[in-house]
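Secondary and tertiary structure notes
Spelled out from the first residue to the last, the chains are:
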Amino acid sequence: MPFRSGFVCILGRPNAGKSTLLNALVGEKLAIISPKPQTTRNRIQGVVHVPPGKGKNKGKRNDGGQIVLVDTPGVHKPDSSLGRKMMVEVREALEGCDLVLVIMDVTRKFDPRDQFALDLLRRPKTKAFLILNKVDLIREKSKLLPLIEQYRKLYSFAEVVPISALKRNGLDTLLEMVIAALPAGPAYFPEDQITDQPARFMAAEIIREQVLVNTSEEIPYATTVIVDNFEEGARLTRIAATIYCEREGQKGILVGKGGLMLKKIGTSARLQIERMMGTKVFLELYVKAEPGWRDSRRFVEELDWRRQLEHRMLEHGTPQPRSPESIMSETRTPEPKSEELPARTGGSADDDPDPTED
Ligand code: GDP
Ligand code: MG
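For every chain, the first residue of the written sequence is number 1, and numbering continues from 1 onward in sequence order. Here the convention is simple: chains get letters from A, ligands get numbers from 1, in the order in which they are written. Whole-chain, interface and lining totals are the exception, using all residues; otherwise, since this is a predicted model, local features are given only for residues with pLDDT of at least 70 and side-chain atom pairs are given and counted only at 80 or more. With hydrogens and water set aside, each side-chain value is computed from the structure's full complement of heavy atoms.

Comments concerning the overall build of the protein chain
Convention followed: Strands are runs of DSSP state E lasting at least 2 residues, helices are runs of H or I lasting at least 4, and numbering of each runs from the N terminus. Exposure is judged per residue with a 1.4 Å probe applied to protein chains only, and the accessible area is read against the type maximum: over 50% gives exposed, under 20% gives buried, and values in between give partly exposed. Pairs of residues are marked as contacts when any of their non-hydrogen atoms sit within 4.5 Å. To measure how exposed things are, a 1.4 Å probe is used in the Shrake-Rupley method; for residues, cover is taken only from the protein chains shown.
Tallying secondary structure elements over the protein chain gives 12 helices and 12 strands in all. Scored against the burial criterion, the 358 residues of the protein chain give a buried share of 53%. By sequence separation, contacts in the protein chain at least 24 residues apart represent 74% of the contacts at least 6 residues apart. Looking at the protein chain as shown, the accessible area adds up to about 17000 Å², and 52% of this sits on carbon and sulfur atoms.

In structure tokens:
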């Protein structure tokens, strides 16, 4: 079997475990995860380097390969500019991929959102595996059989693979099957690269994850994070970011009594970003109310890091991912500083983070 490679799209309704699967296969946390639906808003690519000889597939030796996994926002009926942008991300991911992993949560009944995912596959007809996720939650495995029957009637899946993305069960088998289903091809990414996402965007996502973890009700859906400044040094990365919400009341909750909530979000995010960057991090967080941002097409488009990079390329002629100004800070109307509520979490280069915090 020659070296194989290809783009593999992970498709499924919100909360099926798509991002958990991406992270488990890549072996690093690339996509943020939370029990709240619609956690993933952009398409995220992760690269899995499969070494040669790992397992045999149908008697053929595997010569290794590279899988470019594409995690997508959960498929759902869009209800805002943000929702429509998320569905565009899904459709773009499906275009030109070699294989689709349709991921279903076995603890949930089939519903219109699953049907919506299957309908996306039909135009154009794509080679697909059915991935039955969360089997760790099912005690009697025989209960899976009628489910498999049911799904097979809905689409002609090339393989059906039961897994637990969380417990990492069944993933080696899945990788072998995926490699075998891909065409012979080159490595698209160098071996030390596991994602195409800029660190700047991943930092914004890590902050957004801490907002999701620490808040409830409408706040997770009403917030987004933009990194205004990202300066990477050998020992210290300086980051300034703004958490946007929709109303003053939400801003109050995000800041918390005496700024405590913002401090909590900032500290947890900083520790994770430090791990990702391998440097100390100085993180400044601001909160702003931007009424109706989810319905503003311009605002939503500006959230896309691919678009932010394009803008920078147009402005500077070359990609400048470490440019101190973000696109948003250039396009929004300036507000008086006193409106913003900074939370400084993290010290200077020689200020050790509290070891008990981790
Ligand atoms: P996504 O919306 O499809 O990307 O789903 P996520 O990956 O964000 O996961 C949604 C929730 O399901 C999270 O709370 C995960 O921890 C949980 N989850 C994902 N995979 C599994 C699994 O295999 N078993 C169990 N028990 N939970 C899982
Ligand atoms: Mg996700």
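So that's the structure; there's more coming.
A few points about the packing of helix H8 (residues 248–255) against helix H9 (residues 260–277)
So the rule is basically this: Working convention: axes come from line fits to C-alpha atoms, limited for helices to the stretch in contact. Angles between N-to-C directions cover 0 to 180 degrees. Residues are sorted three ways: Asp, Glu, Lys and Arg are charged, Ala, Val, Leu, Ile, Met, Phe, Trp, Tyr, Cys and Pro are nonpolar, and all the rest, Gly among them, are polar.
Between H8 and H9, the shortest axis-to-axis distance is 5 Å and the interhelical angle comes to 65 degrees. Contacts from Ile 253, Leu 254 and Val 255 in H8 reach Leu 260, Met 261, Leu 262 and Ile 265 in H9. Taken together, the residues of the contact of H8 with H9 break down into seven nonpolar, no polar and no charged.

Regarding empty space enclosed by the protein
In plain terms, the rule: The way it works is a 1 Å grid over only the protein atoms, where trapped points that fit a 1.4 Å probe form a cavity and open points with protein on both sides within 12 Å along at least five of seven lines form a pocket, and then any residue with an atom within 4 Å of a point lines it. Grid points are joined across faces, edges and corners, and a volume is the space filled by probe spheres set on the points.
Scanning the model with the defined rule gives three cavities of 30 Å³ or more in all. One number sums up the size of the second largest cavity: a volume of about 40 Å³. Around the second largest cavity, the lining residues are Arg 13, Ala 16, Ile 103, Met 104, Asp 105, Arg 108, Lys 109, Asp 114 and Tyr 151. Residues that form the lining of the second largest cavity fall into these classes: four nonpolar, no polar and five charged.

A short note on the pattern of salt bridges
Heads up, the rule is: Counted as salt bridges are all cases of a side-chain nitrogen of Lys or Arg within 4 Å of a carboxyl oxygen of Asp or Glu.
Tallying each qualifying case throughout the model produces 13 salt bridges. Between Glu 301 and Arg 297 there is a salt bridge, with its nearest N and O atoms 3.3 Å apart. One end of the pair, Glu 301, and the other, Arg 297, are both in helix H10 (residues 297–302), four residues apart, so they sit about a helical turn from each other. Using a relative accessible area of 21% as the deciding quantity, one classes Glu 301 as partly exposed.

With respect to the sheet that holds strand E5 (residues 65–71)
Our working definition: Two strands are said to pair when DSSP picks up at least two bridges between them.
Spatial ordering of the open sheet is given by E2-E5-E1-E6-E7-E8, a layout of six strands whose pairing is mixed. Strands at the two margins of the open sheet, each flanked by one partner only, are strand E2 (44–50) and strand E8 (159–162). This sheet shows a mean twist of 25 degrees between the axes of neighbouring strands, independent of strand direction. Both E2 and E5 contribute to a ladder of seven bridges, which runs antiparallel. Residue pairing in the sheet places His 49 in a bridge with Gln 66 of E5. Most of the contacts of helix H4 (residues 144–154) go to strand E7 (residues 128–133), to which it runs at about 150 degrees, and overall it touches strand E6 (99–105), E7 and E8.

Focus on the packing of aromatic side chains
Stated formally: Each Phe, Tyr or Trp ring, with Trp reduced to its six-membered ring, pairs with another whose centre is within 6.5 Å; inter-plane angles below 30 degrees give stacked pairs, above 60 give edge-to-face pairs, and intermediate values give tilted ones. Charge over a ring is defined by NZ of Lys or CZ of Arg lying within 6 Å of the ring centre and within 35 degrees of the ring normal.
Taken as a whole and judged by the stated rule, the model has five aromatic pairs. In this structure an aromatic cluster arises from ring pairing among Tyr 244, Trp 293 and Phe 299. One cation-aromatic arrangement involves Arg 238 over Phe 282; the distance from NZ or CZ to the ring centre is 5.5 Å.

Concerning unusual backbone geometry
Look at Asn 15: it is not a glycine, yet its phi comes out positive at around 75 degrees. Among the secondary structure elements, Asn 15 is positioned in the loop between strand E1 (4–11) and helix H1 (18–26). Positive phi, normally seen in glycine, also occurs at Glu 217, with a value near 55 degrees. By secondary structure assignment, the location of Glu 217 is in the loop between helix H6 (199–214) and helix H7 (219–222).

With respect to the confidence of the model for the protein chain
Operational definition: Every residue carries a pLDDT, the predictor's confidence in it, which falls somewhere between 0 and 100.
Chain-level statistics for the protein chain give a pLDDT mean of 82 and a share of 84% at 70 or above. Low pLDDT, under 50, characterises residues 318–342; the stretch is placed with 51 contacts to residues that sit more than four places away or in other chains. Here residues 346–358 scores under 50 on pLDDT; set against residues more than four positions off or in separate chains, the count is 20 contacts.

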